[in-house]
Amino acid sequence: VVIEATSTTAIPLTIRGSGVQSGNYLQIQNSSNTNQLIFNSSGYLGLATTTPWGLLSVNPNGLTGPAFVVGSSTATNLIVTNGGNVGIGIINPGYKLQVSSGASATTTVAFGIMGDATSKTCYNSKNSAGGDISFYFVGIVMVVENNLCR
C-alpha cells in the first residue's frame, strides 16, 4: 500500500475515530497477528505491547537489543536496556544509572536529596589514575573511599 500526498501542503493520511472511539486508532501487526505498534484512543503509543499505559510504552520482553535508544548505533546519547539499566553517553550500562563523559575530563551528575542519618547512597567512579573510587554521604558528611562501595 502506498499513501502519497497530492501536493506539498496535503496531509497524506488522516485517521479519525468516531465521537466516542474506545478501540485503537491504529494497529500494526506481524504475520502472526501480534501487535508491533498501537496508537490507542487515549493518544498513547505502544511498541510491542497491546496495552500502552503512558504516552510512550515500550515492552522489551523477548527483545535482544535495547528497549529504547536516543541516537544511532555509532553515537548513542541515551539508552535503556531491556534489563532496565539506563546509560547516558555509554552503550552498555552495567548499573541502573551509568553516565560517561567520553573524552571530557569532567562529568556532572545531579541528584536529588542524598543520604541522611538512616541511609547510605553510594556513588562509584574512577580516579584520575583509573582506579576505583567511591563517595557517599552520612548526614552532611561526605566519605571518600579508594574502592567501590556496594
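One can find the structure itself at the top, above this paragraph.
Residues numbered from 1 in each chain as written. Predicted model: local features only at pLDDT ≥ 70, side-chain atom pairs only at ≥ 80, totals over all residues. Heavy atoms only, no water.

Draft legend 1. Just the pairing of strand S5 (residues 68-71), in detail. Relative to strand S6 (residues 76-80), S5 is paired through 4 bridges, and the arrangement is antiparallel. For Phe-68, the partnering residue across the bridge sits in S6 and is Val-80. (Pairing = 2+ DSSP bridges. Helix = DSSP H or I, 4+ residues; strand = E, 2+ residues; numbered from the N terminus.)

Draft legend 2. Structural context of the sheet that holds strand S11 (residues 141-145). The antiparallel open sheet is built from 3 strands, whose spatial order is S9-S10-S11. At either end of the open sheet lies a strand with only one pairing partner, and these are strand S9 (122-126) and S11. The average angle at which neighbouring strand axes cross in this sheet is 20 degrees, direction not considered. As judged from the 5 bridges shared by strand S10 (residues 132-138) and S11, these two strands associate in the antiparallel manner. (Axes fitted to C-alpha atoms, helices over the stretch in contact; angles between N-to-C directions.)

Draft legend 3. Broad picture of the sheet that holds strand S2 (residues 35-39). Pairing is mixed in the open sheet, where 4 strands are placed in the order S1-S2-S3-S4. Two strands bound the open sheet, and with one partner strand each, they are strand S1 (26-29) and strand S4 (56-58). Between one strand axis and the next, the sheet turns through 10 degrees on average, direction left out of account.

Draft legend 4. Focus on the pairing of S10. The sheet contact formed by S9 and S10 spans 5 bridges and is antiparallel. When the bridges of S10 are listed, Ser-125 appears paired with Ile-133. Here S9 folds back onto S10, and the loop between the two strands holds 5 residues, one of which, Gly-130, carries a positive phi near 90 degrees. With antiparallel pairing between neighbouring strands as the criterion, S10 and S11 make up a hairpin whose turn holds 2 residues, including Gly-139 at a positive phi of roughly 65 degrees.

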